[in-house]
Amino acid sequence: MSGVRAVRISIESACEKQVQEVGLDGTETYLQPLSMSQNLARLAQRIDFSQGSGSEEEEAAGAEGDAQDWAGAGSSADQDDEENPQTLQLMSKKKSLAGAAQILLKGAERLTKSVTENQENKLQRDFNSELLRLRQHWKLRKVGDKILGDLSYRSAGSLFPHHGTFEVIKNTDLDLDKKIPEDYCPLDVQIPSDLEGSAYIKVSIQKQSPDIGDLGTVNLFKRPLPKSKPGSPHWQTKLEAAQNVLLCKEIFAQLSREAVQIKSQIPHIVVKNQIISQPFPNLQLSISLCHSSNDKKSQKFATEKQSPEDHLYVLEHNLHLLIREFHKQTLSSIMMPHPASAPFGHKRMRLSGPQAFDKNEINSLQSSEGLLEKIIKQAKHIFLRSRTAATIDSLASRIEDPQIQAHWSNINDVYESSVKVLITSQGYEQICKSIQLQLNIGVEQIRVVHRDGRVITLSYQEQELQDFLLSQMSQHQVHAVQQLAKVMGWQVLSFSNHVGLGPIESIGNASAITVASPNGDYAISVRNGPESGSKIMVQFPRNQCKDLPKSDVLQDTKWSHLRGPFKEVHWNKMEGRNFVYKMELLMSALSPCLL
């Protein structure tokens, strides 16, 4: 036997699953195991409700054969069974039904227990996934058995003393027996009571005299009442609203602190949740903090007072930038490692000693504008820009000839804006391009740059800008006559933007021009003033003036070709859509006909 070679035998384990089919290539297809409900149904189908009566009869027959000695007792029992066969059958069926019901109740109990465990596990998994989503958006930390979050801007450099902490809790207000609502969230947050509701900063610019425009009331950071958007968690809306309240409180606290510390000619007033300043004379700037809770009365008041046009996104964006810059300065103010031979600071401050800076230069290096000063400067600029636009629009709607056009630049600074003003005549835009103005609107003044490079500085008074534009429109008519004379071949005899003769204008100065026809027979004199208007006079040759007295001195006929006295033209009775068109008709009528 030792010489026989060993044979390897492969032993397979018994298959726990039944084989449904064996393919031609030897692949076996197994039947899937039954689930708990299917197994229960299969067991229930195996119950034979008619089997109980037969077994009882067999047991009764066996008992009768074994007990022959008790013949009398057996015969009486048989007689009872024969008398009540229906009662025995009913008892057997009842016993069978009780067994089947017990099996069904045990299966139903196991199914209910399994479903409850699955729901609890699902809720726990949903809570963990929701907590993961919350951690992706907000900073969280675990303190003991609590999960706390941070709403403040301390990580960005904020020094606001409010803790801004919220707590993450598990939402247990759910009945597992009832259907789970669609908006159910297993996670909830608890925010501090002073951060509940909605808050916004209200800026109002009010006039105290009729000559200054009014910007009305502007609401900043005003958000609608928190409503959960479809598909977004409700805790995100609550946390964003609470963080907005905290930001508004921080901004207002910083503004109030600077309003008390800043020394200005007209001191700022801080009363409760309101800051009152006076950027311009007879102009009042008010900054208020409005905070409303979530009660029904405040919600109704907020919905009634809210309007879509009282939101100024420019100031809101600028306030975001200013508070971010303030936080950045706080982070950068920490003293970093620096050489011991020289202080770590501005280079010009280190050179102030060797270069002998005076006190004003040193103060200019050390001075830094606060948040309130920047907001006041921006409010001044916005007010001055809106008043400039209103002045130009009022002149354009009131005066039809000449036309005034304003082209505002889309790229502006927070403290400076630019607008290009063109004064033209309808139908003569190509030849009348002499008046082109560039208005640079600053914080407290307006710089006007002419086409020839001249610069004029105007104050914030609206009347100065209006008088300047009226004088430029008056000069445009005279410049248009000059350009028209060049096109039509007339000669310019004299031209002046500032005429010293005639009535004195209360706004600017009058301008005048005198042109002569190509053959020199006729002359036209134009005088235009901002208030007096246009006055046109024509000079005819002497031979066409019949009412001239005869002179004994001028005997030669050559003196009759000289031009006689001027005659005024009834300008309002002439046909034409504007001043330049009427002047073209007049020049055409006085020009010689070339045949």
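Not measured: the values here are computed from a predicted model.

**Student:** Can you walk me through the sheet that holds strand β16 (residues 455-458) in this structure?
**Tutor:** In any sheet, the strands associate via hydrogen bonds between backbone groups, in a parallel or an antiparallel arrangement. Strand order in the open sheet formed by 5 strands is β12-β13-β14-β15-β16, with antiparallel pairing between adjacent strands. Looking along the sheet, the strands with just one partner apiece sit at the ends: β12 (403-408) and β16. Direction aside, neighbouring strands of the sheet carry axes that sit 25° apart on average. Where strand β13 (residues 417-424) lies against strand β14 (residues 436-441), 6 bridges are found, and the strand directions are antiparallel. Residue pairing in the sheet places Val419 in a bridge with Leu439 of β14.

**Student:** Looking at this model, I keep getting lost on the pairing of strand β20 (residues 533-541). Mind explaining?
**Tutor:** Along any regular strand, the residues point their side chains to alternate faces of the sheet. Note that strand β19 (residues 523-529) and β20 share 7 bridges and pair antiparallel. Among the inter-strand pairings, Asn528 is bridged to a residue of β20, identified as Ser534. Linkage of β19 to β20, two consecutive antiparallel strands, is achieved through a turn of 3 residues.

**Student:** Help me out: how do you make sense of helix α11 (residues 462-488) in this one?
**Tutor:** Relative to the 39 Å expected for 27 residues at 1.5 Å per residue, α11 spans 39 Å between its end C-alpha atoms, a close match to the ideal helical length. Buried residues dominate α11, accounting for 19 of its 27 residues. Phi for Gly489, located one or two positions after α11, is positive at around 85°.

**Student:** Is there a simple way to think about unusual backbone geometry in this case?
**Tutor:** The phi angle of most residues is negative, glycine excepted, and most peptide bonds adopt the trans form. The amide bond that connects Asp401 to the next residue, Pro402, takes the cis arrangement and shows omega of 0°. Topologically, Pro402 is positioned in the loop between α10 (371-398) and β12. Positioned with a positive phi, Lys272 is a non-glycine residue whose angle comes to about 55°. By the element assignment, Lys272 lies in the loop between β9 (269-271) and β10 (274-277). A residue is classified by how much of its surface remains accessible, and Lys272, at 79% relative accessible area, is exposed.

**Student:** Hey, could you run me through the sheet that holds strand β5 (residues 165-170) in this one?
**Tutor:** Sheet architecture is open: 4 strands sit in the order β3-β4-β5-β6, paired in antiparallel fashion. Looking at strand neighbours, the two that pair on one side only are β3 (139-143) and β6 (187-190), the edges of this open sheet. Strand after strand, the sheet turns through a mean of 35° between neighbouring axes, direction not considered. When β5 meets β6, the two strands line up antiparallel, connected through 4 bridges. Residue Lys170 lies in a different strand from β6, and its bridge partner there is Leu187. The strands that helix α5 (residues 234-261) touches are β5 and β6; relative to β6, the one it contacts most, it runs at about 15°.

**Student:** Help me understand the environment of Ile441, please; the structure alone is not making it clear to me.
**Tutor:** Mapping Ile441 onto the fold places it in strand β14. A residue is classified by how much of its surface remains accessible, and Ile441, at 0% relative accessible area, is buried. Along the primary structure Ile441 and Tyr415 are separated by 26 residues, whereas in three dimensions their C-alpha atoms are 8.3 Å apart. Leaving out residues up to four positions away in the same chain, Ile441 has contacts with His381, Leu384, Arg385, Thr388, Trp408, Tyr415, Glu416, Ser417, Val419 and Ile446.

**Student:** When you look at the side chain of His162 in this model, what are you seeing that I'm missing?
**Tutor:** Structurally, His162 is set in the loop between β4 (146-150) and β5. Once residues lying within four places of it in the same chain are set aside, the contact partners of His162 are Ser152, Arg154, Pro192, Asp194, Leu195 and Leu246.

**Student:** Can you walk me through the environment of Pro565 in this structure?
**Tutor:** If you trace the backbone, Pro565 turns up in strand β21 (residues 563-568). A relative accessible area of 41% places Pro565 in the partly exposed class. When the C-alpha atoms of Pro565 and Arg542 are compared, they prove to be 8.3 Å apart, with 23 residues separating the residues in sequence.

**Student:** Sorry if this is basic, but what is going on with the nonpolar core here?
**Tutor:** Side chains of nonpolar character tend, in soluble globular proteins, to be buried together. Grouped together as the largest cluster of nonpolar side chains are 43 residues, with contacts concentrated most on Leu134, Leu187 and Leu239. Every element with two or more residues in this core is listed here: α4 (85-137), β5, β6, β7 (198-207), α5, β11 (283-292), α7 (313-332) and α10. No other element matches α5, which puts 11 residues into this core. Those residues in contact with Leu134 that sit more than four places away from it in its chain are Leu140, Val168, Leu187, Val189, Trp235 and Leu239.

**Student:** Is there a simple way to think about the pattern of salt bridges in this case?
**Tutor:** Side chains that differ in charge, positive against negative, can pair when their charged atoms come close. Tallied over the full model, the rule gives 6 salt bridges. Across the pair Asp452 and Arg454 runs a salt bridge whose closest N-O atoms are separated by 2.9 Å. Relative accessible area serves as the criterion here: at 46%, Arg454 is assigned to the partly exposed category.

**Student:** Help me understand the packing of α11 against helix α12 (residues 579-590), please; the structure alone is not making it clear to me.
**Tutor:** Each pair of packed helices gets described by two things: the angle between the helix axes and the distance between those axes. Interhelical geometry of α11 versus α12 gives an angle of 40° and a closest axis separation of 10 Å. When the axes of α11 and α12 are compared, the crossing they make is right-handed. Residues Gln477, Ala480, Val481, Leu484, Ala485 and Met488 of α11 touch α12, and the partners they reach there are Phe579, Val580, Met583, Glu584, Met587 and Ser588. Of the residues belonging to the contact of α11 with α12, the class tally is 9 nonpolar, 2 polar and 1 charged.

**Student:** For this particular structure, what's the right way to read the packing of α10 against α11?
**Tutor:** Between α10 and α11, the least distance of the axes is 10 Å, while the angle of their chain directions is 40°. It follows from the interaxial angle that α10 and α11 lie oblique. Where α10 crosses over α11, the handedness of that crossing is right-handed. Only Glu462, Leu465, Gln466, Leu469 and Leu470 of α11 make contact with α10, whose side of the interface consists of Arg387, Thr388, Thr391, Ile392, Leu395 and Arg398.

**Student:** Sorry if this is basic, but what is going on with the packing of aromatic side chains here?
**Tutor:** Each aromatic ring pair is characterised by the separation of its centres together with the angle its planes make. Tallied over the entire structure, the rule returns 5 aromatic pairs. Ring centres 4.6 Å apart and planes at 25° place the aromatic pair Phe280 and Tyr460 in the stacked group. Residue Phe280 is found in the loop between β10 and β11, and its partner Tyr460 is found in the loop between β16 and α11; the two are separated by 180 residues along the sequence. Note on Tyr522 and Phe540: the rings are 5.8 Å apart at their centroids and 85° apart in plane angle, and the pair reads as edge-to-face. Here Phe540 lies in strand β20 and Tyr522 lies in the loop between β18 (511-516) and β19, a separation of 18 residues in the sequence. Overall, the relative accessible area of 25% leaves Phe540 in the partly exposed class. Following the ring pairs from residue to residue traces out a cluster consisting of Phe280, Phe383 and Tyr460. Lying across the ring of Tyr581, Arg577 places its NZ or CZ 4.9 Å from the centre.

Analysis parameters
- Residues numbered from 1 in each chain as written.
- Predicted model: local features only at pLDDT ≥ 70, side-chain atom pairs only at ≥ 80, totals over all residues.
- Heavy atoms only, no water.
- Pairing = 2+ DSSP bridges.
- Helix = DSSP H or I, 4+ residues; strand = E, 2+ residues; numbered from the N terminus.
- Axes fitted to C-alpha atoms, helices over the stretch in contact; angles between N-to-C directions.
- Expected span 1.5 Å × (residues − 1).
- Buried < 20%, exposed > 50% of the residue type's maximum accessible area, 1.4 Å probe, protein only.
- Contact = heavy atoms within 4.5 Å.
- Core = buried A, V, L, I, M, F, W, Y, C linked by side-chain atoms within 4.5 Å.
- Salt bridge = Lys/Arg side-chain N within 4 Å of Asp/Glu carboxyl O.
- Left-handed = near helix turned anticlockwise from the far one by under 90°.
- Nonpolar A, V, L, I, M, F, W, Y, C, P; charged D, E, K, R; others polar.
- Parallel < 35°, antiparallel > 145°, perpendicular 65-115°, else oblique.
- Phe/Tyr/Trp six-rings, centres within 6.5 Å; stacked < 30°, edge-to-face > 60°.
- Lys NZ or Arg CZ within 6 Å of the ring centre and 35° of its normal.

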